[in-house]
Amino acid sequence: MIYSYSRLKRYADCPASFQYKYLYEMPELPTEPLALGKTVHTAIQLYLTGTELETAVDQAILQEAELLVDRDEVLRLVEHPMVRGIQSGQVEQQFLIPLDREGVIQLQGYIDWYEQLPSGAIKLIDWKSNRQKYAPTDNHQLGLYSWYLSQVTGAAEVDAELVFLRYPYADSRQAYTYTSVEMEEARRKKEAEEEAAREAAEEEERQRAEERKENSWGHKFLKKLKKFGQNMISEDE
């Protein structure tokens, strides 16, 4: 079973919302912050892989924006000094890795940018278009991404940063160095959350199957037939 950080966060924040989206597969209306965030991330990816800045913004808007977004706002966020300072490294790294020893639970994610220095040190950045800043340790996202990088590179520590693009350079960076113990703790906690989400999904599906069975024509017919038989026995007695 494959889970992403956003899926698990939705379950932790609101199990009902998790059920509506992932079990009932109810369509979800796009929101302005989500549309803006996707557009900004795509524009940064295009820019860091060689596309001219304004062209990257225009292409990202055409490709990603489900709602009308402000081009000037996207451009302003993408030309942040932290983005323009990137000269090397890996951009938009998708990964899929087992979270448990049995390989039943798979963690899927997208790392915005990382680089392994000649010293072996790992630097990790996650771009944020949020208006409200928060620390990396306020949730497990960077801890999990750091854990993945430690697994594929062998690094014992990962220098991770959230970069809030709405803020000036000096105020935009929220940094934290994850140790191997902290990365493993993030993995362990997410494994427990995923197991809880998986069990909730299985229980919901079991209840839905039971409801379908109860409402099926054949089941109703058998119930009526059984009731009819019981009435006949009562009359014979």
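Keep in mind it's a predicted model, so treat the numbers as computed, not measured.

On to the pattern of salt bridges. Inspection of every chain in the model, using the stated rule, returns 11 salt bridges. The salt bridge partner of Arg-71 is Asp-58, with a shortest N-O separation of 2.6 Å. With Arg-71 in helix H5 (residues 71-78) and Asp-58 in helix H4 (residues 53-64), the pair connects residues that are 13 residues apart, well separated along the chain. Taking the relative accessible area as the measure of exposure, Arg-71 reaches 28% and is therefore partly exposed. Classification of Asp-58 by relative accessible area gives partly exposed; the value is 33%.

The next thing to look at is the nonpolar core. Ranked by size, the top nonpolar core spans 25 residues in total, and within it Val-40, Ile-44, Val-78, Trp-127 and Leu-165 carry the most contacts. Taken together, the elements giving at least two residues each to this core come down to helix H3 (32-48), H4, H5, helix H6 (81-84) and strand E4 (122-128). The element that contributes the greatest number of residues to this core is H3, accounting for 8 residues. In this structure, Phe-95, Leu-99, Leu-142 and Leu-162 belong to the second largest nonpolar core, which totals 23 residues.

Bringing the side chain of Glu-161 into the picture now. For Glu-161, the location among the structural elements is in strand E5 (residues 157-164). At 2.6 Å, the side chain of Glu-161 and the side chain of Arg-173 are in polar contact. With near-sequence residues (within four places) excluded, Glu-161 lies in contact with Met-82, Leu-124, Ile-125, Asp-126, Leu-142, Arg-173, Gln-174 and Ala-175.

Right, let's talk about the pairing of strand E3 (residues 106-116) for a bit. Pairing between strand E2 (residues 90-98) and E3: 8 bridges, direction antiparallel. Paired with Gln-90 across the strands is Tyr-114, a residue of E3. Here 4 bridges tie E3 to E4, and the two strands are oriented antiparallel to one another. Residue pairing in the sheet places Glu-115 in a bridge with Lys-123 of E4. Where E3 folds back onto E4 in an antiparallel hairpin, the turn is made up of 5 residues, including Gly-120, whose phi is positive at roughly 100°.

The rules we used
- Residues numbered from 1 in each chain as written.
- Predicted model: local features only at pLDDT ≥ 70, side-chain atom pairs only at ≥ 80, totals over all residues.
- Heavy atoms only, no water.
- Salt bridge = Lys/Arg side-chain N within 4 Å of Asp/Glu carboxyl O.
- Helix = DSSP H or I, 4+ residues; strand = E, 2+ residues; numbered from the N terminus.
- Buried < 20%, exposed > 50% of the residue type's maximum accessible area, 1.4 Å probe, protein only.
- Core = buried A, V, L, I, M, F, W, Y, C linked by side-chain atoms within 4.5 Å.
- Polar contact = N/O pair within 3.5 Å; in protein donor to acceptor, adjacent residues only side chain to side chain.
- Contact = heavy atoms within 4.5 Å.
- Pairing = 2+ DSSP bridges.

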